[in-house]
Every structure is written in C-alpha cells, then in structure tokens.
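# Analysis of the macromolecular model
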Amino acid sequence: MGVSAKARQQGVSRRQFEQSIIDMMDDMQRLEQKISLKADEVVFTMAVAHRKEIDRLQEEILTMRAEIKDLKRNQKDLHMEKSFSMAGRKTRLI
C-alpha cells in the first residue's frame, strides 16, 4: 500500500537538479534575448514605415505649395489683365 523506502529515495540527484535549473535559466535568458531582438525589429520596422509616410507627406506638401503659388500667380495675372482691359475701356470712353 505505501511507497517503499527505496522508491521514495529514487529521484533526481542534487547535481541533476542544479543542472536542470541552470539549463532552465539559460533557456529563459535566450528567450528574453529573442523577445528583445524581436521587439527591436518591430520598432525599427515601424520607424521605417513612419519615415516613409513622413517623406510622402512632405512631398505632398511641397507639391501643394507649388500649386498654390501657381494659382496665386494666375489669379494675380488675371487681375492685372482685368485692370488693363478696364483701363483701356475707360480711356476709349473719355
């Protein structure tokens, strides 16, 4: 019914136990390094993606600025043309 004394004494030796603990700690350290490396890779990938998006947005802003300058220049030219044509009509009337 009970476990014999010899069966109870069977188990792992202190040396085997300590080696198992050391192996487990080594495994944990390797896992921590893998997780840290993976986190660094994810952060790097996200930073690169954000940099590309920032570059794209900056290019879009530069394009829009150039378009606004063109529109302002065209508006100014139209205003000048209107002014000259109206001035021409006034001098003919006089």
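Quick caveat: nothing in here was measured; it's all calculated off a predicted structure.

About the thresholds
- Residues numbered from 1 in each chain as written.
- Predicted model: local features only at pLDDT ≥ 70, side-chain atom pairs only at ≥ 80, totals over all residues.
- Heavy atoms only, no water.
- Helix = DSSP H or I, 4+ residues; strand = E, 2+ residues; numbered from the N terminus.
- Areas by Shrake-Rupley, 256 points an atom, 1.4 Å probe, with all protein chains shown as cover.
- Patch = residues over 30% accessible without salt bridge, like charges linked within 9 Å, V, L, I, M, F, W, Y side chains within 5 Å.
- Salt bridge = Lys/Arg side-chain N within 4 Å of Asp/Glu carboxyl O.
- Buried < 20%, exposed > 50% of the residue type's maximum accessible area, 1.4 Å probe, protein only.

Next up on the list: the overall build of the chain. When helices and strands are tallied, the chain shows 2 helices and 0 strands. Within the structure as shown, the chain displays about 9,600 Å² of accessible surface, and the carbon and sulfur contribution to it stands at 61%.

The grouping of M24, M28 and L31 at the surface amounts to a nonpolar patch, some 310 Å² of accessible area in total. Examined against the element boundaries, M28 turns out to sit in helix α2 (residues 14-93). M28 gets classed as partly exposed once you look at its relative accessible area, which sits at 45%.

Within this structure, the stated rule accounts for 6 salt bridges. With its nearest N and O atoms 3.1 Å apart, the salt bridge here joins E60 to R56. With E60 and R56 both in helix α2 and 4 residues apart, the pair spans about one turn of that helix. Residue classification places E60 among the partly exposed positions, given a relative accessible area of 37%. Looking at R56, the relative accessible area reads 43%, which means it is partly exposed. Overlapping salt bridges bring together E53, R56 and E60 as one network.

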